[in-house]
Amino acid sequence: MEYLEFELPIKELEDQLDKCQIIGKESDVDVTETCKQIEKKLAETKKDIYKNLTAWQRVQLSRHPNRPYTLDHIKALCGETFLELHGDRNVKDDKAMIGGLGKIGDQTYMFIGQQKGFNTKTRQYRNFGMSNPEGYRKALRLMKSAEKFGIPVVTLIDTPGAYPGLEAEERGQGEAIARNILEMARLKVPIITIIIGEGASGGALGIGVGDRVMMLENTWYSVISPESCSSILWRSWEYKEQAAEALKLTAKDMKRMKLVDQIIKEPLGGAHTDRAKAFSAVKDAILKSYEELKNLSPKDLVKQRMEKYDAMGVYKD
């Protein structure tokens, strides 16, 4: 287990508990009461830390190296039924954007999402979850296929942003994202969107237009990352914590501003501490959302989606 800086008090108590249990096993000393006291203090410390997280601490949790990524969620949801589809039929297959067909129960879904790597080699292979234009065009191709066959779409967002390289701009990065937003707004099948990690800028919006948009509890969704915001406003990354607070990027902030529809609760400590529980929560959210959307006609689906996004940012005095 890797610990973040604010989790170090938990690490110290867990180390104490391990030592206490070892002493009990290797000697005749009764350490039962001592272990119980440490366990009680550990539970209280976890509750205090995780119930009072700052915006920056939630950003850190969303980037935790042990956090489950898109493929982890898909494999847990679909098992062996997932069939990955490749290529945009134009340039190449973008490894940062994955998609394919999979079943939850008897219902088939088209899954699309950004995939990060879990070590140096796979991070380079997946381009750190930053898609090129062909990734967004692949996503659109799969969504159009789903529309053709009446299959609901599930998008899983986890990206630090679209790839900002020169070659991506040359191949039309902005146009590809804008095209996806336009086409998703009028897609005639249900779209369920879940932010499972980082949701940054147009890179997230390129697959982020949905009938139901949900966020896992320890994720963020914003036009810019706290570090980039800090570097623009203060010419330094040192103010990233203040930037995170000012950006109002947490799930609670997004829900309060009615930019997302639901917050999916995570296990105490984050999705990586109990993956099975996190996967189950995501599955329940998808099934519930689809149940609410499946009987709507294509015309009503598009109408409600358009009205939902049209109402965003409208305030009455």
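Keep in mind it's a predicted model, so treat the numbers as computed, not measured. Positions within a chain are numbered from 1, following the residues in the order the chain's sequence is written. This being a predicted model, a pLDDT of at least 70 is required before a residue's local features are given, and a value of 80 or more before pairs of side-chain atoms are given or counted; all residues contribute to the totals for chains, interfaces and linings. Only hydrogens and water are set aside; all other atoms, that is, all heavy atoms of the structure, feed into the side-chain values.

> Explanation requested: the packing of aromatic side chains in the structure shown.
The geometry of an aromatic ring pair is captured by two quantities: the separation of the ring centres and the angle between the planes. Two aromatic rings, drawn from Phe, Tyr or Trp (for Trp, its six-membered ring), form a pair once their centres lie within 6.5 Å of each other, and the interplanar angle then sorts them: stacked below 30 degrees, edge-to-face above 60, tilted otherwise. A complete count under the given rule lists 3 aromatic pairs for this structure. Arranged with centres 6.0 Å apart and planes meeting at 50 degrees, the rings of Tyr 109 and Phe 111 form a pair that is tilted. There is no split in this pair, since Tyr 109 and Phe 111 are both buried. Measuring from centroid to centroid gives 5.2 Å for Trp 234 and Tyr 239, while their planes differ by 25 degrees, and the two rings are stacked. Given a relative accessible area of 36%, Trp 234 falls into the partly exposed group. Think of it in three bands: residues with accessible area under 20% of the maximum for their type are buried, residues over 50% are exposed, and the middle band is partly exposed, with areas taken using a 1.4 Å probe on protein chains only. Of the residues examined, Tyr 239 reaches a relative accessible area of 32% and is grouped as partly exposed. Among the aromatic residues, ring-to-ring pairing joins Tyr 109, Phe 111 and Tyr 290 into one connected group.

> Explanation requested: the packing of helix α4 (residues 70–78) against helix α13 (residues 275–293) in the structure shown.
When two helices pack together, their arrangement is given by the angle between their axes and by how far apart the axes lie. Closest axis-to-axis distance for the α4/α13 pair is 10 Å, and the angle between their directions is 70 degrees. The angle between the axes of α4 and α13 places the two elements in the roughly perpendicular class. Contact residues: Asp 72, His 73, Ala 76 and Leu 77 in α4; Arg 275, Phe 279, Val 282, Lys 283 and Ile 286 in α13. Note on residue classes: Ala, Val, Leu, Ile, Met, Phe, Trp, Tyr, Cys and Pro are nonpolar, Asp, Glu, Lys and Arg are charged, and everything else, Gly too, is polar. Taken together, the residues of the contact of α4 with α13 sort by class into 5 nonpolar, 1 polar and 3 charged. To obtain each axis, a line is fitted to C-alpha atoms, and for helices this fit is confined to the stretch in contact; angles are then taken between N-to-C directions over 0 to 180 degrees. Put simply, DSSP marks the helices as runs of H or I at least four residues long and the strands as runs of E at least two long, and each gets a number from the N terminus on. Roughly parallel means an angle under 35 degrees; roughly antiparallel, over 145; roughly perpendicular, 65 to 115; everything else is oblique. The contact criterion used throughout is that any non-hydrogen atoms of two residues lie within 4.5 Å.

> Mind showing me how you'd approach the pattern of salt bridges here?
Opposite charge on two side chains makes pairing possible when the charged atoms of those side chains draw close. Any carboxyl oxygen of Asp or Glu within 4 Å of a side-chain nitrogen of Lys or Arg constitutes a salt bridge here. All told, the structure shown has 23 salt bridges when counted by the stated rule. Residue Arg 63 pairs with Glu 198 through a salt bridge whose shortest N-O separation is 2.8 Å. Of this pair, Arg 63 sits in the loop between α3 (55–62) and α4 while Glu 198 sits in strand β5 (residues 191–200), and the two are 135 residues apart along the sequence. Here Lys 95 ties to Asp 93 by a salt bridge, and the two come within 3.1 Å at their closest N and O atoms. By relative accessible area, which is 17% here, Asp 93 ends up buried. One network of salt bridges, with partners in common, ties together Arg 137, Lys 144, Glu 147, Glu 175, Arg 179, Glu 183 and Arg 186.

> In this structure, what is going on with unusual backbone geometry? I would like to understand it.
If a residue is not glycine, its phi is most likely negative; likewise, a peptide bond is most likely trans. You will see that Arg 89, though not glycine, has its phi angle at about 60 degrees, which is positive. In this fold, Arg 89 is placed in the loop between β1 (83–84) and β2 (97–104). Classification of Arg 89 by relative accessible area gives exposed; the value is 63%. Residue Ser 201 is not a glycine yet carries a positive backbone phi of 55 degrees. Its place among the elements puts Ser 201 in helix α9 (residues 201–205). Judged by its relative accessible area of 33%, Ser 201 falls in the partly exposed class.

> I'm lost on helix α14 (residues 298–310) in this one. Help?
An α-helix turns once per 3.6 residues; consequently, residues spaced three or four apart project the same way. Expected helix span is taken as 1.5 Å per residue step, with the number of steps being one fewer than the number of residues. The end-to-end C-alpha distance of α14 is 18 Å, a good match for the 18 Å that 13 residues give at a rise of 1.5 Å each. If you check which residues of α14 are buried, you get Leu 301, Val 302, Arg 305 and Lys 308. Axial view of α14: buried residues confined to an arc of 130 degrees, hence all on one face. Turned more than 90 degrees off the buried face of α14, the exposed positions are Lys 299 and Asp 310. In this description, one arc is meant: the one made by directions from the helix axis to the C-beta atoms.

> Before we go on, may I ask you to explain the side chain of Thr 193 in this structure?
Note on placement: Thr 193 falls in strand β5. On the basis of relative accessibility, which here comes to 0%, the residue Thr 193 falls in the buried class. In this structure the side chain of Thr 193 is engaged in a polar contact, spanning 2.9 Å, whose partner is the side chain of Thr 155. A 3.5 Å cut-off defines polar contacts: any pair of N or O atoms within that distance qualifies, except that in protein one atom must be a possible hydrogen donor and the other a possible acceptor, and neighbouring residues in sequence count only when both atoms are side-chain atoms.

No statement about biological role is implied by the geometric values presented.
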